[in-house]
Amino acid sequence: MSGPAVPSVGPVNGSRTVAWRDYAAVLFDLDGVLTPTAEVHMAAWSEMFNAFLRGLAPGHPAADGADTAPYTEADYYAHVDGKPRYDGVADLLGARGIDLPRGEPGDAPEAETVCGLGNRKNDAFTAVLERDGVRPYPGSLALLDHLRDLGVPLAVVSSSANAPAVLAAAGLADRFVTVVDGRVAGALGLPGKPAPDTFLEAARTCGAAPGAAVVVEDAVSGVRAGAAGGFGLVVGVDRGAGEDALRSAGAHLVVTDLRELA
Ligand SMILES: [Mg+2]
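Residues numbered from 1 in each chain as written. Predicted model: local features only at pLDDT ≥ 70, side-chain atom pairs only at ≥ 80, totals over all residues.

Trainee: Explanation requested: the overall build of the protein chain in the structure shown.
Mentor: Looking only at helices and strands, the protein chain features ten helices and eight strands. Burial analysis of the protein chain (262 residues in total) assigns 43% to the buried set. Considering only contacts within the protein chain whose residues lie at least 6 apart along the sequence, 58% involve residues at least 24 apart. (Helix = DSSP H or I, 4+ residues; strand = E, 2+ residues; numbered from the N terminus. Buried ≥ 20, exposed ≤ 12 C-beta atoms within 10 Å, placed from the backbone. Contact = placed C-beta atoms within 7 Å.)

Pasting the structure below:
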């Protein structure tokens, strides 16, 4: 006998359901699946850039000819959204005519370098999380509650290095057998998504064979990781990627709200 050969999914009362008891673990992405973390990132970018721009006094060498108008949401979408952190800093500064050295990832947050500002944003992210908290998507919380009642082992698999802080701020820190985040992956030398390795590590820690585990993802790269790992069921959560893109990447099932599966 191998694991479940066919995903246990079927129409019930016109909606879809999953026979969760047939699975030995459920592995969740975090940002966009359990928590609307993009909003926290946007607030952190705004706090960091606006503090920096306010502090650029006339006469500062980097301020010569620079546009120091307040940073706005339009700047976020034009220059920052979706890019690696330091590239987002560099592109915004370039658009404002502000010239700072790149520096190094190990730069202190106080350093007036691209990397220093990027690290400052990460500190702002943690501060915004602690101050404002983050509420899980209600439908995702409903599914987590349902799975807790069933006793299915759960894991978080996230590229972010902030996953434990986000889980704590969301009140979800005690729900998971393991959290495989960017720091854990780095320490273990595991390649990130779309490689399946971080999901495979989480399944192993939960004591589940890949074919008996479920992957839940909102990003095309994450769904690809689930498909590449041979997981028993890959659920796509459409927060904007689109059902077709998620299905093409290998999702067996796509929902817009995890409440549909709770
Ligand atoms: Mg995500």
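Trainee: How should I be thinking about the sheet that holds strand 4 (residues 154-157) in this particular structure?
Mentor: Adjacent strands of a sheet pair through backbone hydrogen bonds, lying either parallel or antiparallel. Across the sheet, six strands lie side by side as 5-4-3-6-7-8; this open sheet has parallel pairing. Where the open sheet ends on each side, the last strands, each with one partner, are strand 5 (178-180) and strand 8 (253-255). On average, adjacent strands in this sheet sit at an angle of 20° to one another, irrespective of strand direction. Here four bridges tie strand 3 (residues 25-28) to strand 6 (residues 213-217), and the two strands are oriented parallel to one another. Residue pairing in the sheet places Val26 in a bridge with Val214 of strand 6. (Pairing = 2+ DSSP bridges. Axes fitted to C-alpha atoms, helices over the stretch in contact; angles between N-to-C directions.)

Trainee: What's the story with unusual backbone geometry in this structure? I'm lost.
Mentor: Most peptide bonds take the trans configuration, and most residues that are not glycine carry a negative phi. A cis amide bond, omega 15°, links Lys193 with the succeeding residue Pro194. Counting through the fold element by element, Pro194 comes out in the loop between helix 7 (182-188) and helix 8 (197-206).

Trainee: So what exactly am I meant to see when it comes to the confidence of the model for the protein chain here?
Mentor: Interpreting fine coordinate detail is not advised for predicted regions of low pLDDT. This prediction gives the protein chain a mean pLDDT of 91; 94% of its residues lie at or above 70. Within the model, pLDDT remains below 50 along residues 1-6, and this stretch shows nine contacts once partners closer than five positions in the same chain are excluded. Throughout residues 11-15 the model reports pLDDT below 50, and contacts reaching past four residues in sequence, or to other chains, amount to three contacts. (pLDDT = per-residue confidence, 0-100.)

Trainee: Honestly, the pairing of strand 4 in this entry has me stumped. Any pointers?
Mentor: Consecutive residues of a regular strand have side chains that alternate between opposite faces of the sheet. Of the two faces of strand 4, the one lined by Leu154 and Val156 and the one lined by Ala155 and Val157 are each fully buried. Bridging between strand 3 and strand 4 involves three bridges; their strand directions are parallel. Residue pairing for strand 4: Phe28 is matched across the bridge by Val156. Where strand 4 and strand 5 come together, three bridges link them in parallel fashion. In the strand pairing of strand 5, Val157 is matched with Val180.

Trainee: Which parts of the structure should I look at to understand the domain arrangement of the protein chain?
Mentor: Each assigned domain of the protein chain is listed here: domain 1 (9-36 + 135-261) and domain 2 (38-132). Centre-to-centre separation of domain 1 and domain 2, based on C-alpha positions: 31 Å. Contact with domain 1, which involves seven residues of that partner, is made by six residues of domain 2. Taken together, the residues that form the side of domain 1 that touches domain 2 break down as four nonpolar, two polar and one charged. (Domains from an automatic or database assignment. Nonpolar A, V, L, I, M, F, W, Y, C, P; charged D, E, K, R; others polar.)

Trainee: I tried to follow the nonpolar core on my own but got confused; where do I start?
Mentor: General note: in soluble globular proteins, nonpolar side chains tend to be found buried as a group. Ranked by size, the top nonpolar core spans 75 residues in total, and within it Ala25, Leu27, Ala155 and Val214 carry the most contacts. For Ala25, the residues in contact, after removing those within four places along its chain, are Val152, Pro153, Ala155, Ala203, Cys206, Ala208 and Ala213. (Core = buried A, V, L, I, M, F, W, Y, C linked by C-beta atoms within 7 Å.)

Trainee: Hey, could you run me through the packing of helix 1 (residues 37-55) against helix 4 (residues 114-132) in this one?
Mentor: Between two packed helices, both the angle of their axes relative to each other and the distance between the axes serve to describe the pair. It is at 8 Å that the axes of helix 1 and helix 4 come closest, and there the two elements cross at 125°. Between helix 1 and helix 4, the crossing angle belongs to the class labelled oblique. Read as a crossing pair, helix 1 and helix 4 show a hand that is right-handed. Taking contact as the criterion, the partners of Val40, His41, Ala43, Ala44, Trp45, Glu47, Met48 and Phe52 in helix 1 are, on helix 4, Leu117, Arg120, Lys121, Ala124, Phe125, Val128 and Leu129. (Parallel < 35°, antiparallel > 145°, perpendicular 65-115°, else oblique. Left-handed = near helix turned anticlockwise from the far one by under 90°.)

Trainee: What is the right way to read the packing of helix 3 (residues 85-95) against helix 4 from this model?
Mentor: At their nearest, the axes of helix 3 and helix 4 sit 9 Å apart, and the two run at 115° to each other. Considering only the axes of helix 3 and helix 4, their crossing is right-handed. Contacts between helix 3 and helix 4 involve Arg85, Tyr86, Val89, Ala90 and Leu93 from the former and Val114, Cys115, Leu117, Gly118 and Lys121 from the latter.

Trainee: Can you walk me through helix 8 in this structure?
Mentor: Structural remark: α-helix, 3.6 residues per turn; residues separated by three or four positions point the same way. Residues of helix 8 that are buried include every one of Thr198, Phe199, Leu200, Ala202, Ala203 and Cys206, and no others. Of the surrounding secondary structure, the elements contacted by the buried residues of helix 8 are strand 3, strand 4, strand 5, helix 7, strand 6 and helix 9 (220-228). Following helix 8 by one or two positions, Gly207 has its phi on the positive side, about 75°.

Trainee: What should I look at first to understand helix 4 in this one?
Mentor: Between its first and last C-alpha, helix 4 extends 26 Å over 19 residues, near the 27 Å set by a 1.5 Å rise per residue. Within helix 4, the full set of buried residues consists of Val114, Cys115, Gly116, Leu117, Gly118, Asn119, Arg120, Lys121, Ala124, Phe125, Val128 and Leu129. One or two steps after helix 4, the chain reaches Gly133, where phi turns positive at roughly 70°. (Expected span 1.5 Å × (residues − 1).)

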